[in-house]
Amino acid sequence: MKLRAKLTFLIEGLVVLLVVVTGVITTIREKESLENELRQRGLALAADLAKFTTKPLLENDLPTLRRFVNHSMEQDYVLHAFLLDLQGKVVMHNNLDEVGKTYTSRINVAAIQSHDPGCLKSHFSNGGEHYYDIFSPIEVADARLGTVRLGYSYLAVEREVAAARQQIIILGLVTIIAGGIVAYLLASFIASPIKQITDATRKVAEGDLITRLTIQRNDEIGELALSFNKMTEDLQKTTISRDYVDNIIGSMNDTLVVLDQNAYIISVNKATCTLLGYRADELIGSSISKILPREEKEFFEVNFNTFLAGQKVVNLELHYQTIEGLKVPMLFSAGLLHSKEGTIDGVVGIARDVTERKQAEKALRQSESELHYLSCQLLTAQEKERRRLSLELHDELGQDLMVLKLKVRAIQRAGEMDQDSFKKECDEVIGYINEVTENVRRLSRDLSPALLEDLGLTIALRRLVETSCAHSDIAYSLDMTESDDLFSPGERITVYRILQESLTNIAKHAQATRISLTLRAEDGFFYFRIDDNGQGFDLHKTFTQDPAERGLGLSTMNERVRMLGGSLNIVSRKGSGTTISFRTPLKTAGKGK
């Protein structure tokens, strides 16, 4: 709807409301006034009848009483009139058939007992017209002779109210029509200059900066017209410089968003619209949260005040959200927008799309993951190769040495009778062969511990700790739960090798006298922790030195822990010992309970 129509309907609505309210109030007051007048008229008529019937009632002059009653019935709107004695018996009635009857109704009893005139609103028993039941005592010298009762019709009030309502309606219609005409003229007076201002504003928005208003009025609208003309003149002067800046901003490849102090967008460049898929008018006036994902809206709202306080924002990683809901990674920087007076008007945010960089980082992480996988495969293949060599050493070389031992014994038996020196040499050969056999067994245990396969992970780990600590003369404490059902065969050898490498490092480098080992399954995780009281080492120095000088012990341990899905944690300080620990999730449901 146009402004003129809105103003017309508004003013006309107020007029109609005023007319309706006035009509209702006037009708109610007119009705109350008529009812009061009708009651007063009926009470006066009843009082006159009581006064005139005093003497005839004392003399029991029924014809005279009949005449007075009939005279009362001749008055307008009187429905019935009758006289009662002190016992409620009808002395005279406009209907002679009622004379001599005794009325015992509630109204009749109240009328007889009342010492003052009264009036009650009633209606006929058949639901007919309403009337006032008026009564007045008949007294002489403070002596009660009887009671006058009149029925006064309510029809007079209804007719007067209907006539008054009709007059009010006619007057209201005339007032509404006149009000509509006045409302239209008043709305035209207000809306016409506003329409001129609106049309001129639209032309300026379309680029017509020579538009001027010709409104000549000495009120606020006239002042608005003068201000508009001055604004267009100033705008025309600054258009060239503004277009130059807009061209620079429009040629930017990075997105630019200008926010006011409430984080609402007041300007964007072309790159922003192209990236996000919005038109400029769809973004301007909206909150910055419109182009932010849900998880980053709260972060930006919390930190926006710190931007306004002057905190520098350089290369902050966040995401913009396109009109289609896609998240675009951005590198965001922000600076304050100052007015000519030096006050802060808002924030200028410049962001660069780093999707390609993120994709490159993802590819790099993927390469690292693949490298990790290959490393795991390499270690797995190494374990398989060790196992194969172990079996070959045990099954082939061990058997060959045993055969050699038997042959030497045979030679020994052949030469026992003649050559003592020959026997001695043979004994030495047998001793040497025994040492070789023991070494082969030791190598076999180191390459693939048969104890792990024969007796299980728990016993193998316990034996490994006992043997290593016994050889190194190190005291130990062991807190260990049953671990055989927690890991697959490949994972068992990995756990075994981690502990083996840890014990080897302690024996070779720590110079420790006591270790504490914890191997526990709890709440779906496997916990590994080994503490020693050795000399410790400098973690930073160790991990920053050349890999060839550092060795592969810690790196191999770390890679094995990653194969289990955990992360190796090493805490050490010179003179304070070392703690090596990791936690890995148990893949089988119900483990660790």
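Rules behind the numbers
Residues numbered from 1 in each chain as written. Predicted model: local features only at pLDDT ≥ 70, side-chain atom pairs only at ≥ 80, totals over all residues. Heavy atoms only, no water. Salt bridge = Lys/Arg side-chain N within 4 Å of Asp/Glu carboxyl O. Pairing = 2+ DSSP bridges. Helix = DSSP H or I, 4+ residues; strand = E, 2+ residues; numbered from the N terminus. Buried < 20%, exposed > 50% of the residue type's maximum accessible area, 1.4 Å probe, protein only. Contact = heavy atoms within 4.5 Å. Phe/Tyr/Trp six-rings, centres within 6.5 Å; stacked < 30°, edge-to-face > 60°. Lys NZ or Arg CZ within 6 Å of the ring centre and 35° of its normal. Axes fitted to C-alpha atoms, helices over the stretch in contact; angles between N-to-C directions.

Engineer: Help me out: how do you make sense of the pattern of salt bridges in this one?
Structural biologist: Side-chain pairs of opposite charge can arise where the charged atoms are in close proximity. One pass over the full model with this rule turns up 11 salt bridges. For Glu282, the salt bridge goes to Arg279, with nearest N and O atoms at 3.3 Å.

Engineer: Mind showing me how you'd approach the pairing of strand 10 (residues 344-353) here?
Structural biologist: In summary, the side chains of a regular strand alternate between the two faces of the sheet. Sheet analysis places strand 6 (residues 255-260) next to strand 10, joined by six bridges and oriented antiparallel. Directly across from Val258, in strand 10, lies its bridge partner Val348. Two strands pair when backbone bridges link them, and strand 9 (residues 327-338) and strand 10 are joined in this way by nine bridges, in the antiparallel orientation. Across the sheet, the residue bridging to Gly335 is Val348, located in strand 10. Hairpin geometry of strand 9 and strand 10 is characterised by an intervening segment of five residues between the two adjacent antiparallel strands and by a positive phi of about 95 degrees at Gly342.

Engineer: What should I look at first to understand the side chain of Glu98 in this one?
Structural biologist: As for its position among the elements, Glu98 is in the loop between strand 2 (90-93) and helix 4 (106-113). Residue classification places Glu98 among the buried residues on the basis of a relative accessible area of 18%. Not counting chain neighbours up to four residues away, the residues in contact with Glu98 comprise Val90, His93 and Tyr103.

Engineer: It is not clear to me how the packing of aromatic side chains should be interpreted in this structure. Could you clarify?
Structural biologist: Each aromatic ring pair is summarised here by two numbers: the centre-to-centre distance and the angle between the ring planes. Within this structure, the stated rule accounts for six aromatic pairs. Judged by centre distance (5.5 Å) and plane angle (90 degrees), the rings of Phe82 and Tyr103 are edge-to-face. With Phe82 in strand 1 (residues 78-84) and Tyr103 in the loop between strand 2 and helix 4, this residue pair connects regions lying 21 residues apart in the sequence. When the centroid spacing of 6.4 Å and the interplanar angle of 50 degrees are considered together, the rings of Phe525 and Tyr527 count as tilted. Judged by its relative accessible area of 30%, Tyr527 is partly exposed. Taken together through their ring pairs, the aromatic side chains of Phe487, Phe526, Phe528 and Phe582 make up a single cluster. Across from the ring centre of Phe68, 5.7 Å away, lies the NZ or CZ of Arg67, which sits over that ring. Geometry around Phe525 places Arg583 over its ring, the cationic atom sitting 4.0 Å from the centre.

Engineer: Even after reading the chapter, I still don't get the sheet that holds strand 14 (residues 569-572), so can you show me in this structure?
Structural biologist: The strands making up a sheet associate through hydrogen bonds between their backbones, and the pairing can be parallel or antiparallel. Judged by pairing direction, the sheet is mixed, and its five strands sit side by side in the order 11-12-13-15-14 without closing on themselves. Sheet topology places strand 11 (475-480) and strand 14 at the edges, where each strand pairs with a single neighbour. On average, each strand axis in the sheet is tilted by 10 degrees relative to the strand beside it, whichever way the strands run. For strand 14 and strand 15 (residues 578-585), the ladder comprises four bridges, and the chain directions are antiparallel. Directly across from Asn569, in strand 15, lies its bridge partner Ser581. Each of strand 11 and strand 12 (514-522) touches helix 13 (residues 457-472); the most contacted strand, strand 11, lies at about 170 degrees to it.

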